[in-house]
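Survey of secondary and tertiary structure
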Amino acid sequence: MTKRPILRIATIVLVVLATGLATACTGEYNPKSNQANDIASLWWVMLILACAVFAVVIGLAAWALFRPRKGPSTMDKPRSQFAFLLVGGAVIPLLILAAVFGYSLDVMGHTGSDQSGQLVVHVTGHQWWYDVEYPQQSVSATNVMYLPAHRQVKIILNSADVIHSFWVPELNGKTDIIPGVTNHLYITDPQPGTYIGHCAEFCGIGHTAMQIKVVVESQDAFDRWVANQGGKSQ
Ligand SMILES: [Cu+2]
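Conventions adopted
Residues numbered from 1 in each chain as written. Predicted model: local features only at pLDDT ≥ 70, side-chain atom pairs only at ≥ 80, totals over all residues. Heavy atoms only, no water. Helix = DSSP H or I, 4+ residues; strand = E, 2+ residues; numbered from the N terminus. Rg over C-alpha atoms; globule rule 2.2 N^0.38 Å. Buried < 20%, exposed > 50% of the residue type's maximum accessible area, 1.4 Å probe, protein only. Contact = heavy atoms within 4.5 Å. Areas by Shrake-Rupley, 256 points an atom, 1.4 Å probe, with all protein chains shown as cover. Lys, Arg positive; Asp, Glu negative; His and termini not counted. Charge placed at Lys NZ, Arg CZ, Asp CG, Glu CD. Pairing = 2+ DSSP bridges. Axes fitted to C-alpha atoms, helices over the stretch in contact; angles between N-to-C directions. Domains from an automatic or database assignment. Buried area = accessible area lost by both parts, 1.4 Å probe. Salt bridge = Lys/Arg side-chain N within 4 Å of Asp/Glu carboxyl O. Polar contact = N/O pair within 3.5 Å; in protein donor to acceptor, adjacent residues only side chain to side chain. Nonpolar A, V, L, I, M, F, W, Y, C, P; charged D, E, K, R; others polar.

To continue, consider the overall build of the chain. Along the chain, the regular secondary structure elements total 4 helices and 10 strands. Each helix and strand of the chain, ordered N terminal to C terminal, gives the series α-α-α-β-β-β-β-β-β-β-β-β-β-α. Here the C-alpha radius of gyration of the chain, 25 Å, is well above what a compact globule of 234 residues would show, namely 17 Å. Its C-alpha atoms put the chain at 85 × 35 × 35 Å along the principal axes. A buried classification covers 29% of the 234 residues belonging to the chain. A separation of at least 24 residues holds for 67% of the contacts in the chain among residues at least 6 apart in sequence. Counting every atom, the chain has about 14,100 Å² of accessible surface; 65% of that belongs to carbon and sulfur. The chain carries 15 positive and 15 negative side-chain charges, and their two centres are separated by 24 Å.

On to the sheet that holds strand 9 (residues 193-198), then. Here we have 3 strands laid out as an open sheet, ordered 4-10-9, and mixed in their pairing. Edge positions in the open sheet fall to strand 4 (144-148) and strand 9, since each of these has one partner strand only. When strand polarity is set aside, the average angle formed by the axes of neighbouring strands in this sheet is 20°. Pairing analysis gives 6 bridges linking strand 9 to strand 10 (residues 211-217), with the strands arranged antiparallel. Among the inter-strand pairings, Gly193 is bridged to a residue of strand 10, identified as Val216. Its contacts with the sheet put helix 4 (residues 219-228) on strand 4 and strand 10, and the angle it makes with strand 4 is roughly 135°.

Bringing the domain arrangement of the chain into the picture now. Entries for the chain in the domain assignment read domain 1 (3-108) and domain 2 (119-228). Put simply, the middle of domain 1 and the middle of domain 2, counted by C-alpha atoms, are 37 Å apart. Opposite the 10 residues of domain 1 that make contact, domain 2 presents 13 residues. Counting each side, the surface lost to burial between domain 1 and domain 2 is near 900 Å², with a carbon and sulfur contribution of 49%. At the boundary of domain 1 and domain 2, one finds 0 salt bridges. Run the count over domain 1 and domain 2 and you get 5 residue pairs in polar contact (both at pLDDT 80 or more). Looking at the side of domain 1 that touches domain 2 residue by residue, the classes come out as 4 nonpolar, 4 polar and 2 charged.

Here is the structure:
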């Protein structure tokens, strides 16, 4: 075996790993609420596990390709091969998948529940815009949502026509907006900032332009916005 094929394979593996890391580092995922933090932690654990599995598989493939072949090895025995396949192909993957499944269920259980003093916002999806209403303050907005920082917000989602989706990656996971169904999600302890949400369910010709801007600001600034709209502060 010459050195060239090894160098070529090593270069390919390095480029693939570097591309994956660069994609992860420049992604827009930047959690700014409790729920988004939980989802981001799960995502990082899954990425690290996936990288570890990838490294082990590539390492085993490299070992199988380049190991010196001086006579029969213990791996050439059928019983050794069966044990290796059983443990490496079934037992270890099952353990990893069960652990990730359990952690995912745990994160799904942290989605939030009703709290006294939470802000309630009704969002109705239309082709191709979001109607945002604040029943407690008697104000409304279009394609923009103002929220007070560090409180809990309950967003109630309905559709006026077809299936849409509400997804602000920095604040929570994606939730579909389905005609005839009322979905809801919670955003707990949002951090100040401006975040862009996208409709994540193809809903017609204007789908790609269907966005919502979420502005999280101080309670005082939120109260001023409500007052400027002619609403009542809580
Ligand atoms: Cu859409």
